[in-house]
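Here's the letter readout for the chains.
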Amino acid sequence: MSAVASDIQRLREDLRNRGATVETTELPAAERIERVKETFRRRLDANMATYLETCLHCGMCAEVCHFYEATGEGKYTPIYKVEPLRRFYRRGVAPMGTLRKLIMRDITAADLDEWQKLVYDSCTQCGRCDMICPMGIQISPMIGVMREAIAEAGMQPAENKALAREVLERGTIMGIGPEDYRRIAGELRAEGFDVPLDKPKAQVVVLMSAMDAVLFRSAIVATARIMNRLGLDWTIRTNAGDAAVFDWTSGDERAKAAVIRKIVAETVAAGAKTLIVPECGHGYAAMRWNAANVMGTELPFEVLAISEFVGREIQEGRLKVKALPAGKSVTYHDPCKVGRWSGVFDEPRNALKAIGVEVREMESHAKTNYCCGGGAGLVLNERATQLRQGAFRIKMREADATGAGSVVTACGHCRMTFVAGAQDANWQKPIESLVELVAANLA
Amino acid sequence: MTLLEFARGPGMQWAIWIFALGVLWRLVGSFLLMRTRDLSKPKGTAYAKAGMRAMIMRSIPPHELEKNITFQHLTGYAWHLGFFAVLLLFGPHVPFFKQFLGFGWPTLPNIVVLVIGGFTLAILIALLFRRLTHPVMKQISAPDDWISILMVILPLVTGFASYSHLQIFEIRYETLLGLHLLSVELMLVWFPFSKLMHMFYAFPARYQVGASMEHKGVKA
């Protein structure tokens, strides 16, 4: 087993053990159901109502879902995964709800047991189903509501529960906090890399990622090299916390909001104009799309993914890179939350082309990209191992079909899934980080 | 009052009223719910253009998504087109619309419409069979799905029977025609309570997904 794959396994075990010891009083069934309904009531709006009114039960969403494709089991149909939400809407909030109550049964405790597995183990909220629905239904945001409701009822998997609890009680993620960032920065300085920490004022704030701190320290080095080469006035604010907003995936809105508020407060305190999120899809989506809504106001700074930033700087001629000798081919895996959720498709590809790499596209790429199978926290969910591996094999086949020498991605979460999946499938394809590849070829 | 007289008179009037009020109730009830304002900085702001684009382009998905759904995709559009061709371009139907609208329009030869109707019915029966046997369809199907497909099949079957003057169980032509009209009325009454409402929701939903993805810089 590779060192990174064994570190990932250790992380999973640690989370599971901590999750198992999280003291939670199991709520009575009636209260669990009530909490789920209360979340639905709070989250349902006209947009969601339109989607829930429109579904034809045509089943097309299943045919583009990697979990259905990998198993052939009907219960993995994306729209089926939001059935309790649909049932609640149709019996209550919807026009004619009163009539439907006469013929449609209510949500039961058994439903919650069944659906907590469906939404946490067999959906990465990748949004591929959102691209096919002939009615235009966006299912992935509704999965988010389902997860939030299940979390409110205290029914998340142990690993997710442990992550949320850690954020709320200790302010760390995967055991990593401000002290660790200071230690890592010190170690990197000793190795000759300048990592400016906690400058009172800076134009650019760069977030740290616990995933990088634990597994991919080379990505932190690469980011620092690029920022320094650009001569930017930048800093890492140790109290900003972490880009790895796993709570975005656990459904725990309080934990997610706590992470977001800390990051926004520190970025504002630094007077920064730009916040750069490292290779972390969830962190980027959380800061780019959720942060303003959590804060209740527009953000006074722009939010960029590192892949978006690097591609832009190269394209506009500020970041000079040297071209590799001809012959290196790669395929680019679009992280769902950076690509399909956030429209970052061209910048990473432009960066790769600038360093002279031949980019061979998978059949499903950019907005129709297949998820790696580990998104939305699935990579850390032991219970989902078999499903995740089945989904990963679809990705593997598409990557193999390109004949490219390696897979490049721009998300630590995806990278973890690729490393663990490759280990499981004895797949030899190298997995590379976009930011590291660029940093290794600075002119 | 004969069955045909009832179907042509009060039956049709009641069905149309229930249809119109039911559709209005359901549309207004759902569209009037609160809308959440997104405070995040948009990547694209051409919401109307993106929404209208999605209204069209959702019918033409990219190959890598479409390849697994070709059968449902093509049959789905084919039976809808067939159904509306029979409804609107069949000679005996146009005078019915003319009495409400005051004007008519050209029709297709009856034999062409009968062939289209036959294909439409065959597709619907194939889709019904698929819903009964496919693992996904078995998992997600609800009473609404079964009843709705029946409601669409019935007017086609009774239409064939009355047009061809079939002497089923020695039922008179007038009775068959009455049953055909009643099957249409049944569909109209069922419509606002069922998934047939997608006729009114589909394009707003497509517009919505187009605009929502435009905000994030993605073409839906």
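What counts and what doesn't
- Residues numbered from 1 in each chain as written.
- Chains lettered and ligands numbered in written order.
- Predicted model: local features only at pLDDT ≥ 70, side-chain atom pairs only at ≥ 80, totals over all residues.
- Heavy atoms only, no water.
- Helix = DSSP H or I, 4+ residues; strand = E, 2+ residues; numbered from the N terminus.
- Buried < 20%, exposed > 50% of the residue type's maximum accessible area, 1.4 Å probe, protein only.
- Contact = heavy atoms within 4.5 Å.
- Areas by Shrake-Rupley, 256 points an atom, 1.4 Å probe, with all protein chains shown as cover.
- Pairing = 2+ DSSP bridges.
- Salt bridge = Lys/Arg side-chain N within 4 Å of Asp/Glu carboxyl O.

Colleague: Please clarify how the overall build of chain B should be interpreted in this entry.
Modeller: The helix and strand inventory of chain B stands at ten helices and zero strands. C-alpha extents for chain B along the principal axes are approximately 70 × 35 × 35 Å. Per-residue burial over chain B gives 43% buried out of 220 residues. In chain B, the share of contacts with a sequence separation of at least 24, taken over all contacts with a separation of at least 6, comes to 72%. For chain B, the exposed area adds up to about 12,100 Å²; of that, 75% sits on carbon and sulfur atoms.

Colleague: Just checking my understanding: could you explain the side chain of His73 of chain B for this structure?
Modeller: The residue His73 of chain B is located in helix H4 (residues 70-89) in this model. Residue classification places His73 of chain B among the buried residues on the basis of a relative accessible area of 6%. If we ignore the near neighbours within four places in the chain, the residues touching His73 of chain B are Met60 of chain A together with Ser59, Pro61 and Glu66 of chain B.

Colleague: I keep staring at the sheet that holds strand E1 (residues 204-206) of chain A and nothing clicks. Help me out?
Modeller: The strands making up a sheet associate through hydrogen bonds between their backbones, and the pairing can be parallel or antiparallel. Residues and elements named next belong to chain A. Strand order in this open sheet of four strands is E2-E1-E3-E4, and the pairing throughout is parallel. Two strands bound the open sheet, and with one partner strand each, they are strand E2 (234-235) and strand E4 (302-305). Bridge count for strand E3 (residues 274-277) against E4 is four bridges, and the pairing is parallel. Counterpart to Val277 in the pairing with E4 is Ala305.

Colleague: Sorry if this is basic, but what is going on with the pattern of salt bridges here?
Modeller: Residue and element names in this part refer to chain A. Counted under the stated rule, the structure contains 43 salt bridges over all chains. Ionic pairing is found between Asp7 and Arg10, a salt bridge with its closest N-O pair at 3.7 Å. With a gap of three residues between them, Asp7 and Arg10 both fall in helix H1 (residues 3-21), about one helical turn apart. The structure contains a network of salt bridges with shared partners spanning Arg42, Arg43, Glu148, Glu253 and Lys256.

These figures capture arrangement, not role.
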